[in-house]
Amino acid sequence: AQSVTQPDIHITVSEGASLELRCNYSYGATPYLFWYVQSPGQGLQLLLKYFSGDTLVQGIKGFEAEFKRSQSSFNLRKPSVHWSDAAEYFCAVGAAGNTPLVFGKGTRLSVIA
Amino acid sequence: DAGVIQSPRHEVTEMGQEVTLRCKPISGHNSLFWYRQTMMRGLELLIYFNNNVPIDDSGMPEDRFSAKMPNASFSTLKIQPSEPRDSAVYFCASSPNGGGQPQHFGDGTRLSIL
């Protein structure tokens, strides 16, 4: 069965600083990997996804993520954080077939001036 | 494109009352998911449907919870009778068929049971 671990519950960064949110997954085959963002009072919005091919994927809002099979990781990065990036971020893994995604418990990002 | 539409956005009711949450998935999506989100338990999958058929309802907390999908464009999640511990944000999501498809979420229904 798949599982996802987001080791950091809460991260605080300064506006303009770089960001990396960690995600580790467990799955026996090549996974489908996703990052979602949830702003207060909103649903989860898809930031980016990895299915195959280039291990560095670009998403919306200037985010990118890198799939590293050897480390079972799919970390999310942004070179310069904006105050509007403050939100909850969820990593998810999917398998072949019509099965639900498995979500991590989320990392809350706070941005300070 | 219209996204996943949930109604109502907010619901406040007294314990013991019946609550019905509604969801319209994205047209053409064959899978539909109901989630519950709380501070204590995070995001929990309650039930999901493929092609209108319930596949796994093991996440439904109690018999007081029931979900239906009478057609491809509509689903309901019902709580009867409601209890204060059911207070949460309930999300509906949909996805196309096929392996590893991303789920598209609605904006949720914030439910408060007094």
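Residues numbered from 1 in each chain as written. Chains lettered and ligands numbered in written order. Predicted model: local features only at pLDDT ≥ 70, side-chain atom pairs only at ≥ 80, totals over all residues. Heavy atoms only, no water.

K.L.:
Would you explain the side chain of Thr109(B) in this entry?
P.N.:
Residues and elements named next belong to chain B. Mapped onto the elements of the fold, Thr109 is located in strand S11 (residues 109–113). Residue Thr109 is classed as buried on the basis of its relative accessible area of 0%. There is a polar contact of 2.5 Å between the side chain of Thr109 and the backbone oxygen of Pro8. Discounting residues that sit within four places of it in the chain, Thr109 has contacts with Gln6, Ser7, Pro8, Arg9, Leu21, Ala88, Val89 and Tyr90. (Helix = DSSP H or I, 4+ residues; strand = E, 2+ residues; numbered from the N terminus. Buried < 20%, exposed > 50% of the residue type's maximum accessible area, 1.4 Å probe, protein only. Polar contact = N/O pair within 3.5 Å; in protein donor to acceptor, adjacent residues only side chain to side chain. Contact = heavy atoms within 4.5 Å.)

K.L.:
Which parts of the structure should I look at to understand the side chain of Arg64(B)?
P.N.:
Residues and elements named next belong to chain B. On the secondary structure map, Arg64 appears in the loop between strand S6 (53–56) and strand S7 (65–71). Reaching out from Arg64, the side chain makes a polar contact with the side chain of Glu62 at a distance of 2.8 Å. Here the side chain of Arg64 touches Asp86 through a polar contact of 2.7 Å, side chain to side chain. Sequence-distant contacts of Arg64, that is, excluding residues within four places in its chain, are made with Lys78, Ile79, Gln80, Pro81, Ser82, Glu83, Arg85 and Asp86.

K.L.:
I'm lost on the packing of aromatic side chains in this one. Help?
P.N.:
The way to describe two aromatic rings as a pair is by their centre distance and the angle between their planes. Taken as a whole and judged by the stated rule, the model has 15 aromatic pairs over all chains. Ring geometry for Tyr32(A) and Phe51(A): centres 5.0 Å apart, planes at 80°, overall edge-to-face. Placement of the pair is Tyr32(A) in strand S5 (residues 32–38) and Phe51(A) in the loop between strand S6 (44–50) and strand S7 (56–58), with a sequence separation of 19 residues. Residue Phe51(A) is classed as partly exposed on the basis of its relative accessible area, which comes to 27%. For the pair Phe103(A) and Tyr35(B), a centre-to-centre distance of 5.9 Å together with 90° between the ring planes defines the contact as edge-to-face. Here the residue Phe103(A) occupies a position in strand S11 (residues 102–103), and Tyr35(B) occupies one in strand S4 (residues 31–38), the pair thus bridging two chains. Judged on exposure class, the residue Phe103(A) and its partner Tyr35(B) are both buried. Of the aromatic side chains, those joined through ring pairs into one cluster are Tyr32(A), Phe34(A), Tyr36(A), Phe51(A), Phe103(A), Phe33(B), Tyr35(B), Tyr48(B), Phe91(B) and Phe105(B). (Phe/Tyr/Trp six-rings, centres within 6.5 Å; stacked < 30°, edge-to-face > 60°.)

K.L.:
Sorry, what's going on with the state of the cysteines here?
P.N.:
Two cysteines joined by a covalent bond between their sulfur atoms form a disulfide. All names here are of chain B. Counted under the stated rule, the structure contains two disulfides over all chains. Sulfur-sulfur distance for the disulfide between Cys23 and Cys92 comes to 1.9 Å. Across the disulfide from Cys23 to Cys92, rotation about the S-S bond amounts to roughly -65°, and the bridge is consequently left-handed. Placement of the pair is Cys23 in strand S3 (residues 19–24) and Cys92 in strand S9 (residues 88–95), with a sequence separation of 69 residues. The class of Cys92 is buried, set by a relative accessible area of 0%. (Disulfide = S-S within 2.5 Å.)

K.L.:
Where do I start with the nonpolar core in this structure?
P.N.:
Grouped burial of nonpolar side chains is what soluble globular proteins tend to show. If you look at the biggest cluster of nonpolar residues, it comprises 26 residues, and the most contacted ones within it are Leu19(A), Trp35(A), Leu47(A), Leu48(A), Phe74(A), Leu76(A) and Tyr89(A). When contributions to this core are tallied by element, the ones reaching two or more residues are strand S2 (10–14), strand S3 (19–21), S5, S6, strand S8 (64–68), strand S9 (73–78), strand S10 (87–94) and strand S12 (107–112) of chain A. Examining the composition of this core, we find that four residues originate from one element, S10(A), more than from any other. If sequence neighbours within four positions are ignored, Phe74(A) has contacts with Cys23(A), Leu33(A), Phe34(A), Trp35(A), Leu48(A), Tyr50(A), Val57(A), Ala65(A), Glu66(A) and Phe67(A). Counting residues in hydrophobic clusters, the runner-up holds 21 residues, among them Val4(B), Cys23(B), Leu32(B) and Ala88(B). (Core = buried A, V, L, I, M, F, W, Y, C linked by side-chain atoms within 4.5 Å.)

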